[in-house]
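# Chains, contacts and geometry: an overview
Residue-level listing of the chains:
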Amino acid sequence: MKAKIDKKFEVEQDIQTVWKFISDPHKVVTCVPGAQITEQIDDRNYVGTVSLQVGPVKTSYKGEVTIARLEDDKYEMEIIGKGTDTKGKGNAGMVLIGTLSKNDRGLTEVINSMEVSVSGKLAQFGSRMIVDVTDQVFGQFIDNVKNQLKAIEEAQKASGEGQAFVPPPAQEAKPLKALPLLFSIILGYIMRLFGRKPKS
Amino acid sequence: MTCKTSKEIGGVGHSLKRKEDARFLKGRGNYVDDIKLPGMLYMDIVRSPYAYAKILSINAEEALKLPGVLAVITGKDLAQYNLHWMPTLMSDTQMVLPTDTVMYQAQEVAAVIATDRYIAADAIELVEVEYEVMDPVINPFKSLDPDAPVLRADKEGKTDNHIFHWEVGDRDGTDEIFKNADITVKEQIYIPRIHVASIETCGCVASYDKVKQHMTIYLTTQAPHAIRTVVALVAGHVGLSEERIRVVSPDIGGGFGGKVPVYPGYVIAVAASFLIGKPVKWIEDRSENLQADSFARDYHMTCELAATKDGKIQALRIKTLADHGYTDAAANPSKFPAGMFSICTGSYDMKTAFTELDAVYTNKPPGGVAYRCSFRVTEAAHAIERMVDRLALEMKIDPAELRFKNFIKKEDFPYQSALGWEYDSGDYEAALKLAMEKIGYDELRKEQAEKRAKGELMGIGISSFTEIVGAGPSKDFDILGIKMFDSCEIRVHPTGKAIARFGTKSQGQGHETTYAQIIAEELGIPADHIAIEEGDTDTAPYGLGTYASRSTPTAGAAATKAARKLRDKAKKIAAYLLEVSEEDLEWEPGKFFVKGAPEKAKTIQEIVFAAYTNHPQGMEAGFEATHYYDPPNLTFPFGSYICVVDIDRGTGEVKIRRFVAVDDCGTIINPMIVEGQIHGGLTQGLAPALYEELIYDEEGNILNGTFMDYLVPTAVETPHWETDKTCTPSPHHPIGAKGVGESATVGAPPAIANAVVDALSHLGVTHIDIPISAAKVWQILHEKGVAE
């Protein structure tokens, strides 16, 4: 089953800084909850893992991440991920398209569209939650990106303009448990019932 | 109706309270999961997450390390005994456990045997299976594409996914009529894949005694005898011959056709017990039941009617595509691959009809069971009842009027249908008239016109269905070669109390009460004193089980015939005791008396006592009889249902305001039980009409494999049912009974669908596929610009 979600957010950092961050798989993957890069095959292909628990179904996907498109001039990129659960419980895929632009308020606007496809146990037992789970995971990803960018900015400020950039320590990959997300999923559902868009 | 017997005897026509209810209501039923045997082991099943994949490896190492796990069984293990494949009822083949390929999501992949149910459940999580996923065939319309993968490559020479073609009727004659007809109508109608979802899931306890070389199988089955024979045929080569197998079907919590097939889990448990020599219990959980056990329906039907300009139906043409999943595991009599679908001319007199069907394989669970219907009768009734309404809409005449114009007339029975059936009896006009009176049809039409003028949406739907049940006469009907007779054996004890055993098996129908009433009617022994036993192959006479509303038409008739044999014997004994000739005796329920001298009488109890204590010389002692009844024809129950709906223009929700059901099942054995059957059946008819459908995505993932998403109606959704009856006995059944267990499930969906379409017909809506969800209606309301 497939879930497609589009999200837009803006950050204060300039477009070059954001692009540099977001087009680096090592950095951007650490922002995906539960994800980790374990091996680099070449500059476009990586091997990684994503762990996710929805209710009683624990899955740990192992697979490849490919940068399918990286257009510096347009600030546009496409990442394709494909993985299979290590215990044979199913597989999952993801296509993430990201575009950066400078908006009229001088901020960098990030437009992301994410399509997640899930087969196997997660789809079998959690299909009604896939869209909400994806939405929440995506929301956490954006928060992580924002925080990391902020950390970069602060690090740069602290070490003075023009100094070499020191990346912040990468976040440790923990399996994402969707159960704690349940509250926000239910809240989102209730808000939609009353015709309000939940905050992402 | 008047009863021939007193209330004390409680024969046919009395609303006796159900004998079985005391134990069900007090929690004292004995279901398969209640059975606990010393040393019993537990089985759980590893299932495929994919709809279509190659199995590269199965690693059971971690699972076997878990304390309490005794074995992990795979297809390769079963292959050593040639038990990895089994035949289906339709002579196709089905995997018990796969050796290399899985064909649908939730298919059995391996089984874990453990000392505890929970250890088994934990262990299946530890079995690691490596798959190579392949692109599945999910859409049946794409199944026959030349580039579609051949799913059943295991079958030698198979080059496509076509299973069978079936046709009945006059193709050329029908085409000719359609070419020249004044009016023709056509609709694409889908009757969705649904599930019986009985309250008890499937399961078994297989117990093999290595010393006695005897296998006892406690099983959730509607047909214990047939199962025993199948086990003997499949496993005879490993030493399980038929006298060494006992199948016991204890209390069953709902079958509805879903407990007719042999599921792989049963076979694995039997094999495991045979190999280990200990009892093995396997009970499915709810999701396994919903995701892997046999589905029902799933017919894509292109339906057409041709009529004259004054509304006389001339011909019917239906072309169907049937999605059977990866194997043809439908449960039909052997000669009827599409069941009784050819009842699709329904209650209407037409001289010409043609129907054809192609069945295909897809990567979905197998099945095609007769969910509370006599083999595809629900599909047929839905097609014809929707199409009659469609024709009425086209001709702008009232659907009731069109029905009256085309009904087979009361005096035309027995009626020979265009597709080859001989309808036994019927009075369709009377049933529809009664339903219209009861609901106030003419006033409702006036109200509808007024509401429509105000923009409100209200609809009235009729369904005047005919069933075909009671399979069946041995010249045409068999399952795996075994003829579809059924049986009854009555044994009356010296004190005049009796036990009767049958080849059928109640799953909640109330056989313990109704069979006793039939015997009470014939012998005058109070029904309270007649014990009924079914389901144990060691004691019950052979029979093909309970489904397709066949118990009353077959085993019920056998009970009458066996009881009449005993009454004949009773007459001989009475003549001997009263010292008169048999011709001088007259019967009234409970006793024989001398004509003209009613004080000279012998009660049935006195007669039975004499059969053991003072029987005439030369006569066999005792008081027992058996009858195997081979019905001369099927029976044709019918009814007329009318449904009134209001549609919420804001939410699209369909609210059933009233539902009147007039049924005619011939002679009624127990009016209260019949009414209960109708209530349950109507609710199971409401289910697919508005809520139920098994939905798969293009990868073959089931998207509603739990009761969170598969919407079984509860008391909250169920409207108040108003029931009534007419009575047109079957001329060939010994007591005129026709069977009623399934009428309402068959008749209700088109009544509801017709009502919804009727509410929207002025907007140009001609058909909506069931289930008619609020979302579907909401979308139509928006398209038509009438949403609030």
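Residues numbered from 1 in each chain as written. Chains lettered and ligands numbered in written order. Predicted model: local features only at pLDDT ≥ 70, side-chain atom pairs only at ≥ 80, totals over all residues.

## Considerations on the overall build of chain A
A tally of regular secondary structure across chain A gives four helices and eight strands. Seen in sequence order, chain A has helices and strands lined up from the N terminus as β-α-α-β-β-β-β-β-β-α-β-α. Look at the contacts in chain A between residues 6 or more apart in sequence, and 57% of them connect residues 24 or more apart. (Helix = DSSP H or I, 4+ residues; strand = E, 2+ residues; numbered from the N terminus. Contact = placed C-beta atoms within 7 Å.)

## Brief notes about the overall build of chain B
When helices and strands are tallied, chain B shows 18 helices and 33 strands. For 788 residues, the compact-globule estimate of 2.2 N^0.38 gives 28 Å, and the C-alpha radius of gyration of chain B, at 28 Å, lies within 12% of that figure. Along the first, second and third principal axes, the C-alpha atoms of chain B reach 85 × 75 × 50 Å. Taking all 788 residues of chain B together, 56% fall into the buried category. Long-range pairs, those at least 24 residues apart, make up 79% of the contacts in chain B with a sequence separation of at least 6. (Rg over C-alpha atoms; globule rule 2.2 N^0.38 Å. Buried ≥ 20, exposed ≤ 12 C-beta atoms within 10 Å, placed from the backbone.)

## Remarks on unusual backbone geometry
Residue and element names in this part refer to chain B. For the bond running from Ala-471 to Gly-472, omega is -20°, close enough to zero to count as cis. Structurally, Gly-472 can be placed in the loop between β21 (457-463) and β22 (478-479). For the bond from Ile-770 to Pro-771, the omega torsion is -5°, close enough to zero to count as cis. Summarising the element assignment, Pro-771 is placed in the loop between α17 (743-760) and α18 (774-783). Although it is not a glycine, Ala-548 adopts a positive phi angle of roughly 55°.

## As for the sheet that holds strand β24 (residues 486-492) of chain B
By way of backbone hydrogen bonds, the strands of a sheet pair with one another, either parallel or antiparallel. All names here are of chain B. Taking strand neighbours across the sheet as the criterion, the four strands line up as β26-β25-β24-β30 in an open arrangement whose pairing is mixed. Both outer strands of the open sheet, β26 (530-534) and β30 (624-629), are each paired with one neighbouring strand and no more. Between one strand and the next, the sheet's axes are offset by a mean angle of 15°, whatever the strand orientation. (Pairing = 2+ DSSP bridges. Axes fitted to C-alpha atoms, helices over the stretch in contact; angles between N-to-C directions.)

## Description of helix α13 (residues 511-523) of chain B
An α-helical turn contains 3.6 residues, so any two residues separated by three or four positions project in the same direction. Residues and elements named next belong to chain B. Taking 1.5 Å of rise per residue, 13 residues should cover 18 Å, and α13 covers 18 Å from first to last C-alpha, within 8% of that figure. Taken across its 13 residues, α13 has 13 buried, putting it largely inside the fold. Directly after α13, the chain includes Gly-524, whose backbone phi takes a positive value near 75°. (Expected span 1.5 Å × (residues − 1).)

## With respect to the sheet that holds strand β12 (residues 214-219) of chain B
All names here are of chain B. Taken in spatial order, the seven strands of this open sheet run β3-β7-β1-β14-β11-β12-β13, and their pairing is mixed. Each of the sheet's edge strands pairs with one partner strand only, and the pair in question is β3 (69-74) and β13 (245-248). Within the sheet, the average angular offset between the axes of one strand and its neighbour, ignoring direction, is 20°. As defined by bridge partners, strand β11 (residues 203-209) adjoins β12 across six bridges and the pair is classed as antiparallel. Paired with Tyr-208 across the two strands is Met-215, which belongs to β12. Along the sheet, helix α7 (residues 264-276) contacts β1 (41-47), β3, β7 (108-114), β11, β12 and β14 (280-283); its crossing angle with β11, the most-contacted strand, is approximately 20°.

## Here we look at the pairing of strand β25 (residues 498-502) of chain B
Residues and elements named next belong to chain B. By the criterion of burial, β25 is predominantly enclosed, with four of the five residues buried. Sheet topology note: the β24/β25 ladder contains five bridges and is antiparallel. Bridge pairing in β25 places Cys-488 opposite Phe-502. Hairpin connection of β24 to β25: five residues between the antiparallel strands, including Gly-496 at a positive phi of 85°.

## Quick notes on the environment of Glu-534 of chain B
Residue and element names in this part refer to chain B. Along the chain, Glu-534 turns up in strand β26. Among the residues examined, Glu-534 registers 24 C-beta atoms within 10 Å and is labelled buried. Each C-alpha atom of the pair Glu-534 and Asp-160 lies 44 Å from the other, and the pair is 374 residues apart in sequence. When residues no more than four places from it in sequence are discounted, the contact partners of Glu-534 are Arg-501, Phe-502, Thr-504, Lys-505, Ser-506, His-511 and Ala-540.

## Considering the interface of chain B and chain A
Opposite the 18 residues of chain B that make contact, chain A presents 14 residues. Among the elements that make up the side of chain B that touches chain A, the one with the highest residue count is strand β8 (residues 128-133) of chain B (five residues). Within the side of chain B that touches chain A, the residues separate by chemical class into eight nonpolar, five polar and five charged. (Nonpolar A, V, L, I, M, F, W, Y, C, P; charged D, E, K, R; others polar.)

## Regarding the packing of helix α9 (residues 377-395) of chain B against α17 of chain B
All names here are of chain B. Where α9 contacts α17, the axes come no closer than 8 Å and their chain directions differ by 30°. Compared by their axis directions, α9 and α17 come out roughly parallel. The hand of the α9/α17 crossing is right-handed. Here Val-377, Thr-378, Ala-381, His-382, Glu-385, Arg-386 and Asp-389 of α9 come into contact with α17, specifically with Thr-745, Val-746, Gly-747, Pro-749, Pro-750, Ala-753, Asn-754 and Val-757. Each residue belonging to the contact of α9 with α17 can be placed in one class, and the counts come to seven nonpolar, five polar and three charged. (Parallel < 35°, antiparallel > 145°, perpendicular 65-115°, else oblique. Left-handed = near helix turned anticlockwise from the far one by under 90°.)

## A short note on the confidence of the model for chain B
The predicted model of chain B averages 97 in pLDDT, with 100% of residues at 70 or higher. We note a pTM of 0.93 for the whole complex and an ipTM of 0.79 for its interfaces. (pLDDT = per-residue confidence, 0-100.)

## Topic: the environment of Pro-224 of chain B
All names here are of chain B. Mapped onto the elements of the fold, Pro-224 is located in helix α6 (residues 224-235). A tally of 27 C-beta atoms within 10 Å means that Pro-224 is categorised as buried. Separated by 312 residues in the primary sequence, Pro-224 and Asp-536 have C-alpha atoms spaced 7.2 Å apart. Not counting the four nearest positions on each side in its chain, Pro-224 is found in contact with Leu-219, Val-247, Val-248, Ser-249, Lys-505, Gly-535, Thr-537 and Gly-545.

## Quick look at α7 of chain B
Residue and element names in this part refer to chain B. Here α7 is 13 residues long and its end C-alpha atoms lie 18 Å apart, about the 18 Å a rise of 1.5 Å per residue gives. For α7, the buried fraction is high: 11 of the 13 residues fall into the buried class. Here α7 has its buried residues at Pro-264, Gly-265, Tyr-266, Val-267, Ile-268, Ala-269, Val-270, Ala-271, Ala-272, Ser-273 and Phe-274.

## Here's the deal with the packing of α9 of chain B against helix α10 (residues 399-406) of chain B
All names here are of chain B. Close contact between α9 and α10 brings their axes to 9 Å; oriented N to C, the two are set at 115°. The pairing of α9 with α10 is recorded here as roughly perpendicular in orientation. Handedness of the crossing formed by α9 with α10: right-handed. Taking contact as the criterion, the partners of Val-388, Asp-389, Leu-391 and Ala-392 in α9 are, on α10, Pro-399, Leu-402 and Arg-403.

## A look at the nonpolar core
By size, the foremost hydrophobic cluster in this structure holds 253 residues, and its most contacted members are Met-43, Val-112, Val-127, Ile-519, Ile-642 and Ile-752 of chain B. Residue contacts for Ile-519 of chain B: discarding those within four places in its chain leaves Ile-490, Ala-498, Ala-500, Ile-525, Ile-530, Ala-559 and Ala-563 of chain B. Ranked by size, the runner-up nonpolar core spans 37 residues in total, among them Val-54, Val-65, Phe-138 and Ile-152 of chain A. (Core = buried A, V, L, I, M, F, W, Y, C linked by C-beta atoms within 7 Å.)

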